[in-house]
Amino acid sequence: MPKILDGVAIAAAIKQEVAEQVKVLAAGGVRPGLAAVLVGNVAASQIYVRSKVQTCEELGIFSEMITPPEDITTEAMLDLINALNDREDIDGILIQLPLPKQVDTKALLDAVSPAKDVDGFHPVNAGRLQAGRPALAPCTPAGVIEILKRSGIPISGQNAVVVGRSDIVGKPAAMLLLHQNATVTICHSKTRDLAAETREADILVAAIGRAGFITPEMVKPGATVIDVGINRITDEAEFYKFFKGDAKREAAFAKRGSTIVGDVDPRAFEVAGAYTPVPGGVGPLTIAMLMANTVQAAKMRRGL
Ligand code: NDP
């Protein structure tokens, strides 16, 4: 039976450690603070930001939610970000994506002070990460490394294949695996023979954005499979393709009319030696690492 890598438990352990660090900082009169900027009324974004703010509260981190109107201009957003850059009580600035079309997302991400860039999206942090300098690393890829390390999965010397090369998941995940001495291959939509590449992976990271894309034939038996994908499916035929016979999922799907599936076909997990389930794998780590980054930013800004 493949081992299930329990992201909920690992995230809980990290949050516990963060809460302890927050207590130590509080004893020195420092309270880390996170500003979360949420533009407009995208339901999924609202859920994400609320759970980030709530986790801050649980861990003793100050948080503030800023909700500019949907029609805000780039200039007004830049003013807002600059004001947050200047605030002493704010250590981390998070801009929830996606932003409305009229807003220049890159300009805004570049405007966040690298010292407060707790999402790790600023080019300065991307460069520092690549150069192996202390940096605020993007939360989801950092979470992938935590899952592997805390589950006792060896990384050094292993063949790691990352499918996906986005700036927020694929590329930084590859870089972090490289820093852990994995031999890393990055695949993308132009990769010639994807299955041939993925079958070489001791550690396979799927960050593609396509439901159940990695099939059983693409996985080397015994490999560790990290499924970063979050895809909501509503089509019944697609649901039964992945989850036929899973009574719990079937009941939930009948009730809600949708379910979440990763970028890995659940049947491919049977071939693996260990895997992260969806939900309950990588997802919970993203918020935990955001909290860890906020505390790290608070410490780094004060030279602690
Ligand atoms: P992007 O859409 O930015 O990137 C997707 C990547 O997958 C691209 O590099 C693309 O290649 C590659 N790709 C697409 N189709 C294929 C294909 N047929 N064969 C090989 N590669 C392909 O997505 P993100 O990186 O932002 O997100 C990836 C997934 O992770 C999504 O499911 C997202 O929901 C999830 N996610 C989960 C998070 C979490 O907290 N767990 C956080 C962030 C994302 P190319 O560059 O050539 O186009």
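Owing to the predicted nature of the structure, the values given are computational and were not obtained by experimental measurement.

### Observations concerning the site of the ligand
Surrounding the ligand, one finds 23 residues, the nearest of these being Arg-165, Ser-166, His-188, Ser-189 and Thr-286. Here an oxygen atom of the ligand sits 3.2 Å away from a polar atom, N or O, in the main chain of Ile-230. In isolation the ligand offers 930 Å² of accessible surface; the protein chains occlude 71% of this area. Grouping the amino acids of the shell around the ligand by side-chain chemistry returns ten nonpolar, ten polar and three charged.

### Concerning the packing of aromatic side chains
If you walk through the whole model with that rule in mind, you get five aromatic pairs. Ring centres of Phe-239 and Phe-253 lie 4.0 Å apart, and the angle between their planes is 10°; this geometry places the pair in the stacked category. You can see Phe-239 sitting in helix α9 (residues 236-243) and its partner Phe-253 sitting in helix α10 (residues 247-256), a full 14 residues away along the chain. Of the two residues examined, Phe-239 and Phe-253, each falls in the buried class. What links up through ring pairs into an aromatic cluster is the set Phe-239, Tyr-240, Phe-242, Phe-243 and Phe-253.

### Some words on the domain arrangement of the chain
Per the domain assignment, the segments making up the chain are domain 1 (30-113) and domain 2 (139-285). Computed from C-alpha atoms alone, the centre-to-centre distance between domain 1 and domain 2 is 29 Å.

### Topic: the side chain of Thr-55
Among the structural elements, Thr-55 can be located in helix α2 (residues 43-59). The class for Thr-55 is buried, based on a relative accessible area of 6%. Residue contacts for Thr-55: discarding those within four places in its chain leaves Lys-15, Ile-287 and Met-291.

### Remarks on the pairing of strand β2 (residues 33-37)
Burial analysis of β2 places five of its five residues in the buried class, the great majority of the element. For β2 and strand β3 (residues 62-66), the ladder comprises five bridges, and the chain directions are parallel. Its bridge partner being in β3, Ala-35 is matched across the sheet by Glu-64. In the classification by handedness, the crossover that spans β2, the intervening α2 and the parallel β3 is right-handed. The sheet contact formed by β2 and strand β4 (residues 92-95) spans four bridges and is parallel. When the bridges of β4 are listed, Ala-36 appears paired with Leu-94.

### Things to note about the sheet that holds β4
Read from one edge of the open sheet, three strands run β3-β2-β4, paired in parallel fashion. Since the sheet does not close on itself, it has two edges, and those belong to β3 and β4, each with one partner. On average, each strand axis in the sheet is inclined to that of its neighbour by 15°, with strand direction left out of account. Against the sheet, α2 touches β2, β3 and β4, its axis set at about 160° to β3.

Criteria and cut-off values
- Residues numbered from 1 in each chain as written.
- Predicted model: local features only at pLDDT ≥ 70, side-chain atom pairs only at ≥ 80, totals over all residues.
- Heavy atoms only, no water.
- Near = heavy atom within 4 Å.
- Polar contact = N/O pair within 3.5 Å; in protein donor to acceptor, adjacent residues only side chain to side chain.
- Areas by Shrake-Rupley, 256 points an atom, 1.4 Å probe, with all protein chains shown as cover.
- Nonpolar A, V, L, I, M, F, W, Y, C, P; charged D, E, K, R; others polar.
- Phe/Tyr/Trp six-rings, centres within 6.5 Å; stacked < 30°, edge-to-face > 60°.
- Helix = DSSP H or I, 4+ residues; strand = E, 2+ residues; numbered from the N terminus.
- Buried < 20%, exposed > 50% of the residue type's maximum accessible area, 1.4 Å probe, protein only.
- Domains from an automatic or database assignment.
- Contact = heavy atoms within 4.5 Å.
- Pairing = 2+ DSSP bridges.
- Right-handed = clockwise from strand over helix to strand, strands pointing away.
- Axes fitted to C-alpha atoms, helices over the stretch in contact; angles between N-to-C directions.

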